[in-house]
Amino acid sequence: FFSSQYTADRASCTDTMTDSVGFIGLGIMGEGMAKCLLKSGRKLVVWNRSAGKCAALSADHPGAVTAVDSPSAVLAACDLVYCMLSTPDAVKAVYEMEGGVLAGVRAGTKLVDCATLAAEDMVRLEKQVTERGGRFLEAPVSGSKGPAASGQLIFLTAGDEPLFEEIKGTDLEAMGKASFFFGAPGKGARMKLVVNMVMGTMMASLGEGLALCGAAGMDCEQLLKVLDLGVMSNGMFRLKGPKMVQSDHAPNFPLQHAQKDMRLAGELGAQLGLGLPVAAATNAAMLAAREQGLSDEDFSSVYEAQKKTKP
């Protein structure tokens, strides 16, 4: 369900950091999310794999950010902790490393994980956390760098419903424009993969359309205007299309992460006995772009490979 009602409930942390929450992962998404929490009045205890991000955030918000030297130290300082890590491998490493997330879980820990993972990975994390006495809410987000910075994310949650109820009107409202709860662990992850699969196929379709338009000697900017005036008008085409025409692929959602999500969506379809040929073609196009060295560019850079595709 959707919630936008603000409540006065605040998640508790240790007595010495009453208004503080933990935040692990200050990358493209996490940095913006953390800043939104700071704007809402939260104080943060943070850790990131590259310490420079923590130092910069602390310098920009003196007195409101405490950097610590391990994920477990974040959990020791705060009951409520948000994690936003970039890949399944990064999540596994940060959870299971010495001094990692799992080493810090205790009775009273409330962990909210915002990564995009396969459903079975979220189910595993939920089990690992709860068997150590903690509580776990999966909360992957729909939205990229811009929405993360402006507090316009959409939270797709599952797992501990009372924890969702506790934070939906405070922290989730500070970081997002909408929050949904889908039920048992893994269901938030599944919804996120469906959402990103649709978004990825739309991007590949736009890229292929621009490639064909250009190859046919037509004006790609005029194509974008035509699309925007009809039923296919949408925010992503308006945002990404003009940048694609200019070969501007500054990363908001890196191609390597988009392709990872297409792969995971395909794997989910295979598990369920459902063929996803459009998603498979999009995954192949994204892999081709990655092979051209575009992994760290925005997922719109799939267009650069599509312009070079031969019959």
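Residues numbered from 1 in each chain as written. Predicted model: local features only at pLDDT ≥ 70, side-chain atom pairs only at ≥ 80, totals over all residues. Heavy atoms only, no water.

Chemist: Hey, could you run me through helix α12 (residues 235-245) in this one?
Modeler: Residue pairs spaced three or four apart in an α-helix point in one direction, given the helix's 3.6 residues per turn. All of the buried residues along α12 are M236, F237, K240, G241 and M244. With its buried residues spanning 115° around the axis, α12 presents them on a single face. Those residues of α12 that are buried lie in contact with α10 (187-215), α11 (220-229) and α15 (302-306). Where α12 starts, the residue carrying a side-chain oxygen 3.1 Å from the main-chain nitrogen of M236 turns out to be N234. Where α12 ends, the next residue or the one after it, S247, has phi of about 55°, a positive value. (Buried < 20%, exposed > 50% of the residue type's maximum accessible area, 1.4 Å probe, protein only. Helix = DSSP H or I, 4+ residues; strand = E, 2+ residues; numbered from the N terminus. Arc of directions from axis to C-beta. Contact = heavy atoms within 4.5 Å. Polar contact = N/O pair within 3.5 Å; in protein donor to acceptor, adjacent residues only side chain to side chain.)

Chemist: Quick question: what am I supposed to make of the state of the cysteines here?
Modeler: Each disulfide consists of a covalent bond between the sulfur atoms of two cysteine residues. Evaluated as defined, the whole model comprises 0 disulfides. Considering cysteine sulfurs only, C83 is the nearest to C54, which forms no disulfide, with 13 Å between them. C54 gets classed as buried once you look at its relative accessible area, which sits at 4%. C114 takes part in no disulfide bond, and the closest cysteine sulfur, belonging to C83, lies 8.1 Å away. (Disulfide = S-S within 2.5 Å.)

Chemist: How should I be thinking about the packing of helix α13 (residues 255-271) against helix α14 (residues 277-291) in this particular structure?
Modeler: The axes of two packed helices give the description: the angle between them and the distance between them. Running from amino to carboxyl end, α13 crosses α14 at an angle of 150°, the nearest separation of the two axes being 9 Å. The angle between the axes of α13 and α14 places the two elements in the roughly antiparallel class. Between α13 and α14 lies a crossing of left-handed hand. Counted together, L255, Q256, A258, Q259, M262 and R263 of α13 and A279, T282, N283, M286, L287, A289 and R290 of α14 form the full contact between these two elements. (Axes fitted to C-alpha atoms, helices over the stretch in contact; angles between N-to-C directions. Parallel < 35°, antiparallel > 145°, perpendicular 65-115°, else oblique. Left-handed = near helix turned anticlockwise from the far one by under 90°.)

Chemist: Teacher, can you tell me more about the confidence of the model for the protein chain here?
Modeler: Caution applies to low-pLDDT regions: their predicted coordinates should not be interpreted in detail. Chain-level statistics for the protein chain give a pLDDT mean of 94 and a share of 94% at 70 or above. Every residue in residues 1-18 scores below 50 in pLDDT, and together they form 49 contacts with partners more than four places removed in sequence or on other chains. (pLDDT = per-residue confidence, 0-100.)

Chemist: Before we go on, may I ask you to explain the side chain of T116 in this structure?
Modeler: Note on placement: T116 falls in the loop between β5 (110-113) and α6 (119-130). Judged by relative accessible area, T116 falls into the buried class, the value being 10%. Among the polar contacts made by the side chain of T116, one reaches the side chain of K192 at a distance of 2.5 Å. Excluding its chain neighbours within four sequence positions, the residues that come into contact with T116 are K192, L193, K260 and D261.

Chemist: Explanation requested: α10 in the structure shown.
Modeler: Over its 29 residues, α10 runs 42 Å from end to end, which matches the ideal 42 Å to within 8%, given 1.5 Å per residue. The first or second residue beyond α10 is G217, which carries a positive phi of 80°. (Expected span 1.5 Å × (residues − 1).)

Chemist: How do you make sense of the packing of aromatic side chains when you look at a structure like this?
Modeler: Geometry of an aromatic ring pair is reported as the spacing of the ring centres plus the angle between the planes. Applying the stated rule across the entire model yields 4 aromatic pairs. Taking the centre distance of 5.5 Å and the plane angle of 35° together, the rings of F164 and F181 count as tilted. Residue F164 is located in helix α8 (residues 161-167), and its partner F181 is located in strand β9 (residues 176-181); the two are separated by 17 residues in the primary sequence. Of the two residues, F164 and F181, neither departs from the other in class, the shared state being buried. On the basis of an interplanar angle of 10° and a centroid distance of 6.1 Å, the ring pair of F180 and F182 is categorised as stacked. (Phe/Tyr/Trp six-rings, centres within 6.5 Å; stacked < 30°, edge-to-face > 60°.)

Chemist: Explain the nonpolar core here, please?
Modeler: Soluble globular proteins: nonpolar side chains tend toward being buried together. Grouped together as the largest cluster of nonpolar side chains are 32 residues, with contacts concentrated most on F23, M33, Y82, V112, F155 and M175. The set of elements that each furnish at least two residues to this core consists of β1 (20-24), α1 (30-39), β2 (43-47), α2 (51-60), β4 (80-83), β8 (153-159), α8 and α9 (171-175). Of all the elements, α1 adds the most residues to this core, at 5 residues. Non-local contacts of F23, meaning those with residues more than four positions away in its chain, are made with G30, M33, A34, L37, V45, V46, W47, V74, V81, Y82, M84 and M175. (Core = buried A, V, L, I, M, F, W, Y, C linked by side-chain atoms within 4.5 Å.)

Chemist: What is the right way to look at a nonpolar patch on the surface in this model?
Modeler: A contiguous nonpolar patch, built from M191, V194 and V198 and spanning about 210 Å² of accessible area, is present on the exposed surface. Summarising the element assignment, M191 is placed in helix α10. The class of M191 is partly exposed, set by a relative accessible area of 33%. (Patch = residues over 30% accessible without salt bridge, like charges linked within 9 Å, V, L, I, M, F, W, Y side chains within 5 Å. Areas by Shrake-Rupley, 256 points an atom, 1.4 Å probe, with all protein chains shown as cover. Salt bridge = Lys/Arg side-chain N within 4 Å of Asp/Glu carboxyl O.)

Chemist: Looking at this structure, how should I read unusual backbone geometry?
Modeler: The bulk of non-glycine residues show a negative phi, and the bulk of peptide bonds are trans. Its identity as a non-glycine residue notwithstanding, S247 has a phi of 55°, on the positive side. Relative to the assigned elements, S247 resides in the loop between α12 and α13.

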